[in-house]
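The primary structure of each chain is shown beneath.
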Amino acid sequence: MSPCDFQKAALDVLAVAIAAFILLWAPYGVASTKTTPPPMMHMTVNLGDQEALRTGALDFAHRCGECHSLQGTRLKEFAKPLDLTRAAVLNYLNPGHQKYLNTIQSSLITPGIAYRFFNKTMPPDLTVMAKRHTADWLYTYLNSFYVDPSRPTGANNLVVYNVSMPDIFATLQGLQKPVMKMGYRFGQRTQMALGVAPLTRGTMTPKQFHTMTRDIVTFLYFVAHPHQQERELIGTWVMIGLAVLVCLTYLLYKLYWKDVTPPEGGRWWHYWRDRG
């Protein structure tokens, strides 16, 4: 291939690449997806808090497990971290009466029910949701349902606009109303919910409800990251080992180069350059 042919082929490849880039990304540049995010509530996850893990597991089993599954774990995985016996796991954390070695399936929702009542979609697996989102996102989501008569369930959410999930915590938390402010939704400036305010009182105090939702998020985070504490421990020892290795390598460097005389006015690496 002559130089002219090679140059022509390179220009053709470049032109195809530019055209593909324009075709793939032009729609995103034309249609703005700018959306004002809601303020996130912060929480600290403590996987060493066994009481929070137990309470969160119990709340999940009896408040969330009827609709949502946890396919990323099995019932037997709860026994050791939660310090529970096999009988306790099967009796208290197994409303769907699953087998001990099974993954956790929804105890209520079937594909037929989901098709009829949940917009033809099964409720998402919460292992996936906990892996995909941060603990702050999950915590804000659980605390941010508000009354919306335009929705089929009568409720909406700050984090997930037009959410399909009903407000299952309405009796515990009480009803909330949206705090409307100007913002952007999919590039359009409009009035949107960027906060919530109490509307009615629930059976729990705000402190009790926030503690419950923190425990649920802690449990979901544990299910999504079951080996995090082990990774942190291993990572500490790896960093200590690397620090020791750096010290030994430096001592070896000093020992090896102590008898090497570099060229006058030069650095030690000039020794190899001058040898060449």
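All residue numbers refer to position in the chain's written sequence, counted from 1. Reporting in this predicted model follows two pLDDT cut-offs: at least 70 for local features of residues, and 80 or more for side-chain atom pairs to be given and counted; totals over whole chains, interfaces and linings ignore these cut-offs and use all residues. Excluded from the side-chain calculation are hydrogens and water; included are all heavy atoms of the structure.

(A) Region of the structure containing the packing of helix H2 (residues 50-64) against helix H8 (residues 206-224). The contact between H2 and H8 brings their axes to 7 Å, and the two run at 95°. When the axes of H2 and H8 are compared, the pair comes out roughly perpendicular. Along its contact with H2, which presents Ala52, Leu53, Thr55, Gly56, Ala57, Asp59, Phe60 and Arg63, the element H8 presents Met212, Asp215, Ile216, Thr218, Phe219, Leu220 and Phe222. Along the lines of polarity and charge, the residues of the contact of H2 with H8 split into nine nonpolar, three polar and three charged. Simply put, an axis is a line fit to the C-alpha atoms, just over the touching stretch for a helix, and the angle between two N-to-C directions goes from 0 to 180 degrees. Working definition: helices are DSSP H or I runs of at least four residues, strands are E runs of at least two. Numbering for both runs from the N terminus. An angle below 35 degrees is treated as roughly parallel, one above 145 as roughly antiparallel, one from 65 to 115 as roughly perpendicular, and anything else as oblique. Residue contacts follow a heavy-atom distance rule, with two residues in contact if any of their heavy atoms lie within 4.5 Å. Charged residues are taken to be Asp, Glu, Lys and Arg, nonpolar residues to be Ala, Val, Leu, Ile, Met, Phe, Trp, Tyr, Cys and Pro, and polar residues to be all remaining types, Gly included.

(B) Representation of unusual backbone geometry. The backbone of Asp83 shows a phi angle near 55°, a positive value even though the residue is not glycine. Along the chain, Asp83 falls in the loop between strand E1 (70-74) and helix H3 (86-92). Notably, Phe186 is not glycine yet its phi reads approximately 55°, a positive angle. Within the element layout of this structure, Phe186 appears in the loop between strand E5 (176-185) and strand E6 (188-198).

(C) Local environment of the nonpolar core. Counting residues in each nonpolar core, the largest one holds 40 residues, and the members touching the most others are Phe60, Leu70, Phe78, Tyr141, Phe219, Leu220 and Phe222. Mapped onto this core, the elements with two or more residues apiece are H2, helix H5 (126-132), helix H6 (135-143) and H8. The greatest single-element share of this core, amounting to ten residues, is contributed by H8. In this structure, Phe222 is in contact with Leu47, Leu53, Glu77, Phe78, Pro81 and Leu82, ignoring residues within four places of it in sequence. Remark: nonpolar core denotes a set of buried residues (Ala, Val, Leu, Ile, Met, Phe, Trp, Tyr, Cys) joined through side-chain atoms within 4.5 Å. The buried label goes to any residue with under 20% of its type's maximum accessible area, the exposed label to any with over 50%, and the partly exposed label to all in between, with areas taken from a 1.4 Å probe on protein chains only.

(D) Broad picture of the side chain of Thr140. Tracing the backbone shows Thr140 in helix H6. Overall, Thr140 belongs to the buried group, its relative accessible area being 0%. Counting of polar contacts relies on pairs of N or O atoms within 3.5 Å, with two restrictions inside protein: one atom must be capable of donating a hydrogen and the other of accepting it, and residues adjacent in sequence are counted only when both atoms are side-chain atoms. Here the side chain of Thr140 touches Asp136 through a polar contact of 2.7 Å, landing on its backbone oxygen. Residue contacts for Thr140: discarding those within four places in its chain leaves Pro39, Met40, Met41 and Val159.

(E) A look at the packing of aromatic side chains. A pair of aromatic rings is counted whenever rings of Phe, Tyr or Trp (Trp by its six-membered ring) have centres within 6.5 Å, and the orientation is called stacked for planes under 30 degrees apart, edge-to-face for over 60 and tilted otherwise. On inspection of all chains with the given rule, the structure shows six aromatic pairs. Seen in terms of ring centroids, Phe78 and Phe219 are 5.3 Å apart; in terms of plane orientation they differ by 65°. Their pairing is edge-to-face. With Phe78 in the loop between E1 and H3 and Phe219 in helix H8, this pair connects stretches of sequence that are 141 residues apart. Of the two residues examined, Phe78 and Phe219, each falls in the buried class. Relative to Tyr141, the ring of Trp137 lies with its centre 5.6 Å away and its plane at 5°, an arrangement referred to as stacked. Of the two residues, Trp137 and Tyr141 both sit in helix H6, four residues apart, roughly one turn of that helix. Owing to a relative accessible area of 16%, Trp137 belongs among the buried residues under this scheme.

(F) The environment of Asp136, seen in detail. With respect to the helices, strands and loops of the structure, Asp136 is situated in helix H6. Within the structure, the side chain of Asp136 is placed 3.0 Å from the backbone nitrogen of Met43, a separation counted as a polar contact.

(G) Seen up close, the pairing of E5. Where E5 and E6 come together, nine bridges link them in antiparallel fashion. Residue pairing for E6: Gly183 is matched across the bridge by Thr190. A pair of strands is labelled paired if DSSP reports no fewer than 2 bridges between them. Counting the residues in the hairpin turn of E5 and E6 gives two residues, including Phe186, whose phi is positive at 55°.

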